[in-house]
Amino acid sequence: MSGKRIPLVAGNWKMYKTIAEARQLVPDLVRGLANVEEVEKVICPPFTALMAVKALLEGTDIGLGAQNMYWESEGAFTGEISPKMVAELCRYVILGHSERRTYFGETDETVNRKVRAALEVGLIPIVCIGETLTENEAGKTQAVITRQVQVGLSGIQLQPDVTGGIPLIIAYEPVWAIGTGKAATGEFANQVVRDLIRPTLSTLFGDEVAHSVRVLYGGSVKASNAAEFFTQSDIDGALVGGASLKAEEFIGIVKAAVESV
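In short, a report on the structure. (Residues numbered from 1 in each chain as written. Predicted model: local features only at pLDDT ≥ 70, side-chain atom pairs only at ≥ 80, totals over all residues. Heavy atoms only, no water.)

Side note on the nonpolar core
The nonpolar side chains of soluble globular proteins are, as a tendency, buried together. Formed by 72 residues in total, the largest nonpolar core has its most connected members in Leu153, Leu168, Ile197 and Phe230. The residues contacting Leu153, other than those within four sequence positions of it, are Asn112, Val115, Val127, Gln148, Leu168, Ile170, Leu201, Leu204 and Phe205. If you look at the next biggest cluster of nonpolar residues, it comprises 13 residues, including Cys44, Tyr92, Cys128 and Leu239. (Core = buried A, V, L, I, M, F, W, Y, C linked by side-chain atoms within 4.5 Å. Buried < 20%, exposed > 50% of the residue type's maximum accessible area, 1.4 Å probe, protein only. Contact = heavy atoms within 4.5 Å.)

Listed below in structure tokens is the structure:
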């Protein structure tokens, strides 16, 4: 993990936790992470719980994110949430998660439209990329990852903010490792980030941006295996699924990130 890039651990609750359940979990997270300053923490609950979680995070340094959004600012799009609606509550938004691509037909092109729309309203997108098991076994990881970065980030401008950070995060989540209990090795994940993702970013935006963008790993990350990823040179944290639903596990993952700084 680079000393120049601030580590980030984000919890993606997916379609779990009612408002009542969120109100039980968040106070435990707040207490457990109260003195952890070296790592940026983000919670991404379902839309229904965003306002309740926002209130519980008031006065803390834990960030709030949404799990998705539409690219139009408003209109007759029943059931959708616009970028400016998300921006009223959140600083972050997860875009292009493999479950959105698999179950809801999202493509690299629609992810790109969402990324551009998020940046326009000041949101920090967490852009998910990753190959399927079939693609991995067929030796297509390089082609898939390169395409997803190139198309997903096409036509956008990335410049360091006042702190030198880049307002965009990438999460490398091999689809075959999500929710399966079969995590990639730290060495393999780091190789993908170092040899595929950052060089593609460099081609798009230049070396400075490529080395400044934080890239997270996601896929069966737990407190027990997090250090394997966080000690790698080019992995800057994690996008955590199931383990983010348990306070002890999520806190453990964040503390593993602290130890690797």
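With respect to helix H5 (residues 108-120)
Spanning 13 residues, H5 covers 18 Å between terminal C-alpha atoms, matching the ideal 18 Å at 1.5 Å per step. Residues of H5 that are buried make contact with helix H3 (83-87), strand S4 (92-95), helix H4 (98-104), strand S5 (124-129) and helix H7 (141-152). Just downstream of H5, Gly122 is the residue with a positive phi angle, here 85°. (Helix = DSSP H or I, 4+ residues; strand = E, 2+ residues; numbered from the N terminus. Expected span 1.5 Å × (residues − 1).)

Some remarks on the pairing of S5
Where burial is concerned, most of S5 is hidden: 6 out of the 6 residues are buried. As judged from the 4 bridges shared by S4 and S5, these two strands associate in the parallel manner. Note on S5: the bridge partner recorded for Val93 is Pro125. Strand direction decides the pairing type here: S5 and strand S6 (residues 169-172), joined by 4 bridges, are parallel. Across the sheet, the residue bridging to Cys128 is Ala171, located in S6. (Pairing = 2+ DSSP bridges.)

Describing the pattern of salt bridges
Opposite charge on two side chains allows them to pair when their charged atoms are near. The tally for this structure, following the rule as stated, stands at 14 salt bridges. Across the pair Arg147 and Asp108 runs a salt bridge whose closest N-O atoms are separated by 2.6 Å. Placement of Arg147 in helix H7 and of Asp108 in helix H5 is noted, with a sequence separation of 39 residues between them. Overall, the relative accessible area of 8% leaves Asp108 in the buried class. Counted as one network, the salt bridges with shared partners bring together Arg5, Arg198, Asp234 and Asp236. (Salt bridge = Lys/Arg side-chain N within 4 Å of Asp/Glu carboxyl O.)

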